[in-house]
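Overview (structure and organization)
Each chain is listed here by its residues.
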Amino acid sequence: PVCVRRDRELATVTALLASPTRSGLVLVGPEGSGKSAVFHSWLAGAGRDTDRLVWATSGAQLIAGQSGLGQWQERLRRVLEAAALLDAILYFDDLGDLFGDKAGGFVDLASGVKPFVDDGRVRVVGELTGDVLDELRQRDPSFLALFHAVAVPAMDRDDAAQALAARVVSDSRRAGNLPGAPLVSPETERVILSLTERYVPYRAFPGKVIRLYEEVLAAARRTDPTGSTVIDSDQAYATFSVATGVPRFLLDPAQALGAARLRGQLRARVVGQEAAVERVIETLGVLKASLSQGEKPLASFLFVGPTGVGKTELARALAGQIFGD
């Protein structure tokens, strides 16, 4: 994958993995910050000066089919000894897998891996979010102390825009498009960025931008498998609306709110509650104008009144008539 604005992280990973000393390395950051992109960029050769083998595995793969006493321990030992013999890297996209499933069927793979890392016999690379790292440090601080932690923080908006632009250029070249004919238009890139910034506040840049871009690309390919048509912003709005349930008229500034139409739909279903309906319409207008706080939920309503006046019906009307569910 394309990896931009991660020169420092990539240089740190390169230095640690090129070192003759075998050790553990964990990339730490929120989901979607680009931890996998940094490692795969190193793997693809960016700054890499070795042809060292990399084996991607997981806790589930290491214990799959092993039900007898000592079976998974023997498999794990053989994998670690092979990695030590070849000076290969064992890669876990979720290092927490080594600690097993806390909900049931607990298997402590970490205890089997620990001696090999502690003795400098194997190189292990994994990924963790910050909160999981803190949790695992409380459970087994000596194990996590064997790993060099490389922070991969979430990008800001400008860096995420560069990451998206680089991904579009890369995909366009791979598809054989001419430099002046990208897969998506620059306006579509701006729409994808603004939609994820406003309506997906709880996920990290650049992952949420790249994910929506991939969804838009997949939706466009279903209608035009040849990829000869440049994907416009209309496809981005339509894809995001379907994926999130947020109605198109709230997302697209080119579409009017239609307050009179919405007011009529709600009043036809909830009779005699004009004031409450008007408050709902006003809130939708605030959302449409992008005047609400982006890091908050779209809206919070508290319908107050005695039993039977239409509180539940108004909530259902708002969900069904406006958001379609």
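Residues numbered from 1 in each chain as written. Predicted model: local features only at pLDDT ≥ 70, side-chain atom pairs only at ≥ 80, totals over all residues. Heavy atoms only, no water.

A word on the confidence of the model for the protein chain
Across the protein chain, pLDDT averages 91, with 95% of residues at or above 70. Looking over the protein chain, one finds the lowest element-wise mean pLDDT in helix α3 (residues 59–63), namely 90, and the highest in strand β1 (residues 24–28), namely 98. (pLDDT = per-residue confidence, 0-100. Helix = DSSP H or I, 4+ residues; strand = E, 2+ residues; numbered from the N terminus.)

What to know about the packing of aromatic side chains
Applying the stated criterion across every chain yields a total of six aromatic pairs. Each ring, one from Tyr199 and one from Phe240, has its centre 6.0 Å from the other, and the planes form 50°; the classification is tilted. Taken together, the positions of Tyr199 in helix α9 (residues 186–199) and Phe240 in helix α11 (residues 233–244) put the pair 41 residues apart, joining distant regions of the chain. You can call Tyr199 buried: its relative accessible area is 18%. Residue Phe240 is classed as buried on the basis of its relative accessible area of 3%. A centroid spacing of 5.7 Å and a plane angle of 15° characterise the contact between Phe301 and Phe303, whose relative ring orientation is stacked. Taking the relative accessible area as the measure of exposure, Phe301 reaches 32% and is therefore partly exposed. Within the aromatic cluster, the residues linked to one another by ring pairs are Phe39, Trp42 and Tyr91. Lying across the ring of Phe116, Arg121 places its NZ or CZ 4.0 Å from the centre. Here Arg261 stacks its cationic end above the ring of Phe249, 5.6 Å away from the centre of that ring. (Phe/Tyr/Trp six-rings, centres within 6.5 Å; stacked < 30°, edge-to-face > 60°. Buried < 20%, exposed > 50% of the residue type's maximum accessible area, 1.4 Å probe, protein only. Lys NZ or Arg CZ within 6 Å of the ring centre and 35° of its normal.)

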